[in-house]
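Remarks on the overall topology
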Amino acid sequence: MSAEDLERYENEMELSLYREYRDVVSIFKYVVETDRRLYLCNAVDVKVRSESGDAYFEVTMADAWVWDIYRPARFAKNVKVLTFKDVNVEELQDSDVKLPPA
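The text that follows walks through the structure, step by step, so that each part is easy to find. (Residues numbered from 1 in each chain as written. Predicted model: local features only at pLDDT ≥ 70, side-chain atom pairs only at ≥ 80, totals over all residues. Heavy atoms only, no water.)

**What about helix 1 (residues 3–24)?**
Each α-helix turn comprises 3.6 residues. Residues three or four places apart therefore point the same way. Just so we agree on the cut-off: In DSSP terms, a helix is any run of H or I states spanning at least four residues, a strand is any run of E spanning at least two, and both are numbered starting from the N terminus. By this rule, a helix spans an expected 1.5 Å times one less than how many residues it contains. Categorising residues by exposure relies on relative accessible area from a 1.4 Å probe, with only protein chains included: less than 20% of the type maximum marks a residue as buried, more than 50% marks it as exposed, and the intermediate range marks it as partly exposed. Taking the helix axis as origin, the arc is that swept by the directions to the C-beta atoms. Contacts were defined at the residue level, with two residues in contact if any of their heavy atoms lie within 4.5 Å.
With 22 residues, helix 1 extends 31 Å between its outermost C-alpha atoms, agreeing within 8% with the 32 Å of an ideal straight helix rising 1.5 Å per residue. All of the buried residues in helix 1 are L17, E20, Y21 and V24. The buried residues of helix 1 occupy an angular sector of 100° when the element is viewed end-on, so they sit on one face. Across helix 1 from its buried face, at more than 90 degrees, point the exposed residues E4, E7, E12 and D23. Contact partners of the buried residues in helix 1: strand 2 (38–41), strand 4 (54–67) and strand 5 (75–83).

What follows is the structure, encoded as structure tokens:
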């Protein structure tokens, strides 16, 4: 497989992922962004934890969809993320989820 073939494959996978996102975003209440991934979910809980003086975030999500091009199953019943970096949680409103038609 050439570098060009690999790039074409990754571009097709990204477009497919975007289309899937567009199709499922309306069934979720929250968008959660961490340093590594973007999630859609219907329930989210963020707790700040501190051990040995270092603070980190424990993010628990239910009924989640994961934005990950290489993940074969993007839907997950429960997700727990531990991170030392910022976590952004946004509640979606009806006007936030209207995307242009395909």
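**Describing the environment of V79**
Among the structural elements, V79 can be located in strand 5. Every residue in contact with V79, bar those within four places of it in the chain, is listed here: Y39, V59, T60, M61 and A64.

**Overview of the pattern of salt bridges**
We apply this condition: Take a side-chain nitrogen of Lys or Arg and a carboxyl oxygen of Asp or Glu: if they are within 4 Å of each other, that pair is a salt bridge.
Scanning all chains against the criterion turns up 8 salt bridges. Its salt-bridge partner being R74, residue E20 comes within 2.9 Å of it at the nearest N-O pair. Taken together, the positions of E20 in helix 1 and R74 in the loop between strand 4 and strand 5 put the pair 54 residues apart, joining distant regions of the chain. Residue class for R74 comes out buried when judged on its relative accessible area of 12%. R37 is the partner of D68 in a salt bridge, and the nearest nitrogen-oxygen pair spans 3.1 Å. Note that D68 is positioned in the loop between strand 4 and strand 5 and R37 in the loop between strand 1 (30–33) and strand 2, a separation of 31 residues in sequence. The exposure class of D68 is buried, given its relative accessible area of 14%. Classification of R37 by relative accessible area gives partly exposed; the value is 27%. Members of the salt-bridge network, linked through shared partners, are E4, D5 and R8.

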